[in-house]
Amino acid sequence: MSTVTAAPKTMNFMDAYRMALDEALASDPSVLLLGEDIGDKEGGGVFKVTKGLSTKYGAHRVRTTPISEQAIVGAAIGAALAGMRPVAEIMLMNFIAVAMDQIVNHAAKLRFMSGGQTSVPITIRTRTGAGAGTAGQHSDMLEAWFAHVAGIKVVVPSTPADAMGLLASCIFDDDPCLFIEDGMTRNATGPAPPPGHRIPLGVANIARAGTDVSVIGYGRPLRDTFAIADRLAEEGISVEIVDLRTVSPLDTDTILKSVAKTRRAVVVHEAPRSFGVGAEVVARIQEHLFGQLAAPILRVASRDVTVPFAKVLEQEFLYKPTAIEAGIRRTLEAKAPR
């Protein structure tokens, strides 16, 4: 059995993904990776996350596949049914649409359709995010598509430590998991967790305690929110940050406890505003806490258009940190709903 490289004191997201995969491969021979060009002969993947792993564990466990998302996911589902724990890499999230039938009608439903006799412990890693000028077919956040499907867990980490712990938990979960990586923050760094770090799925994190307003979200926008909260603290405004970490299943209890305390909420995400995860979060808060709210709940998200290619238009599409700050200030100034 191979040994895992010791974890550094800090790591970026790329390190976190690689460390989680490295540990999983080392600890369980049923874990295998599948994806386009992920072997070392092909360069260790387009984004180099799997670099070194096929040399370390063998090409039979880090398997380069044809350029076919259907083949990658279909083979991973078959391997899962045969007792393996496959991790399938889909290079970019938009490409996952090609394999929707395998994911939605097979991976997500086989436990139910077999009366609980089988499980599909498959993890699908995919990357996305606007801001790099890769336009509409390479940049969409599509987490709401899959959050709407029963039987699949949807994970979006906001820190390298969470990325490592959540990916490990996905790999060893007995149900299919979609793990979404943000391409724009891949080199952002943070404290490295100890080896073997895992974070339970479906559990949100109070990433920053506060008393005046709850900012609820996941992924890249929360990284912007920390800097905003630091600035507002200098004005005496106390912002609580709730990192969902797992989009589905949604940790409603943690959300409600936070908003019950602050009585104000701003929900943020990178995906377009309409029909997004933010709308579900707002609905649950309204259903349970309407009479306790001191102000209407606000949402900050990207625009309801296709991600443009032109840089200036892409920046107009994307949510803005200034909009998060403006939303916080606006809800603090607003009156309670009647």
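To be clear, the structure that these remarks concern was listed above.
Let us look at the structure shown here. (Residues numbered from 1 in each chain as written. Predicted model: local features only at pLDDT ≥ 70, side-chain atom pairs only at ≥ 80, totals over all residues. Heavy atoms only, no water.)

1. Brief notes about the overall build of the protein
Check the secondary structure of the protein and you find 12 helices and 14 strands. Over its C-alpha atoms the protein spans a radius of gyration of 20 Å, differing by no more than 12% from the 20 Å that the globule rule assigns to 338 residues. Here the protein, with 338 residues, has 55% of them falling under the buried criterion. Within the protein, contacts between residues separated by at least 24 positions form 82% of all contacts whose residues are at least 6 apart in sequence. (Helix = DSSP H or I, 4+ residues; strand = E, 2+ residues; numbered from the N terminus. Rg over C-alpha atoms; globule rule 2.2 N^0.38 Å. Buried < 20%, exposed > 50% of the residue type's maximum accessible area, 1.4 Å probe, protein only. Contact = heavy atoms within 4.5 Å.)

2. A look at the side chain of Thr128
Mapped onto the elements of the fold, Thr128 is located in strand β5 (residues 123-128). Of note is the side chain of Thr128, whose polar atom sits 2.5 Å from the backbone oxygen of Asp140. Apart from residues lying up to four places away in sequence, Thr128 is in contact with Met93, Asn94, His138, Ser139, Asp140, Met141, Ile180, Glu181, Asp182 and Gly183. (Polar contact = N/O pair within 3.5 Å; in protein donor to acceptor, adjacent residues only side chain to side chain.)

3. Here's the deal with the nonpolar core
Judged by nonpolar contacts, the single largest core of 48 residues is most densely connected at Ile216, Val281 and Ile285. Listed by contribution, the elements that provide at least two residues to this core are β2 (31-36), α3 (69-81), β4 (85-90), α4 (100-107), β7 (177-182), α9 (252-262), β13 (265-272) and α10 (277-289). Ala20, Leu33, Leu53 and Leu167 belong to the second-largest nonpolar core, a separate cluster that totals 32 residues. (Core = buried A, V, L, I, M, F, W, Y, C linked by side-chain atoms within 4.5 Å.)

4. Topic: the pattern of salt bridges
Applying the stated criterion across every chain yields a total of 20 salt bridges. Linking Asp173 and Lys153 is a salt bridge whose minimum nitrogen-to-oxygen distance equals 3.0 Å. Here Lys153 lies in strand β6 (residues 153-155) and Asp173 lies in the loop between α7 (160-171) and β7, a separation of 20 residues in the sequence. What makes Asp173 buried here is its relative accessible area of 15%. Bridged by salt links that share partners, the residues Glu89, Arg125, Arg127 and Glu181 form one connected network. (Salt bridge = Lys/Arg side-chain N within 4 Å of Asp/Glu carboxyl O.)

5. Some words on the packing of aromatic side chains
Taken as a whole and judged by the stated rule, the model has 3 aromatic pairs. Ring geometry for Phe13 and Tyr17: centres 6.3 Å apart, planes at 45 degrees, overall tilted. Here Phe13 and its partner Tyr17 are both found in helix α1 (residues 13-27), 4 residues apart, which amounts to about one turn of the helix. Judged by its relative accessible area of 2%, Phe13 falls in the buried class. Using a relative accessible area of 1% as the deciding quantity, one classes Tyr17 as buried. (Phe/Tyr/Trp six-rings, centres within 6.5 Å; stacked < 30°, edge-to-face > 60°.)

6. A word on the environment of Asn12
Of note, Asn12 is situated in strand β1 (residues 10-12). Residue classification places Asn12 among the buried residues on the basis of a relative accessible area of 15%. C-alpha separation for the pair Asn12 and Leu81, spaced 69 residues apart in sequence, amounts to 33 Å. The residues touching Asn12, leaving out its near neighbours within four places in the chain, are Pro160, Arg186, Asn187, Ala188 and Thr189. Here the side chain of Asn12 touches Met14 through a polar contact of 3.0 Å, landing on its backbone nitrogen.

7. As for the packing of α3 against α4
Interhelical geometry of α3 versus α4 gives an angle of 25 degrees and a closest axis separation of 8 Å. Put simply, α3 runs roughly parallel to α4. Counted together, Gln70, Val73, Gly74 and Ile77 of α3 and Gln102, Ile103, His106 and Ala107 of α4 form the full contact between these two elements. Per-class residue counts for the contact of α3 with α4 are 4 nonpolar, 4 polar and no charged. (Axes fitted to C-alpha atoms, helices over the stretch in contact; angles between N-to-C directions. Parallel < 35°, antiparallel > 145°, perpendicular 65-115°, else oblique. Nonpolar A, V, L, I, M, F, W, Y, C, P; charged D, E, K, R; others polar.)

8. Side note on the sheet that holds strand β12 (residues 246-248)
Strand pairing in a sheet relies on backbone hydrogen bonds. The paired strands run either parallel or antiparallel. Spatially, the 7 strands line up as an open sheet ordered β3-β2-β4-β5-β7-β6-β12, and their pairing is mixed. The sheet is open, and its two borders are formed by β3 (62-65) and β12, each paired with just one other strand. Neighbour-to-neighbour, the strand axes of this sheet turn through a mean angle of 20 degrees, independent of strand direction. Pairing geometry for β2 and β4, over 5 bridges, is parallel. Along β4, the bridge assignment pairs Gly35 with Glu89. Contacts from α7 reach β2, β4, β5, β6, β7 and β12 within the one sheet, and its direction differs from that of β7 by about 155 degrees. (Pairing = 2+ DSSP bridges.)

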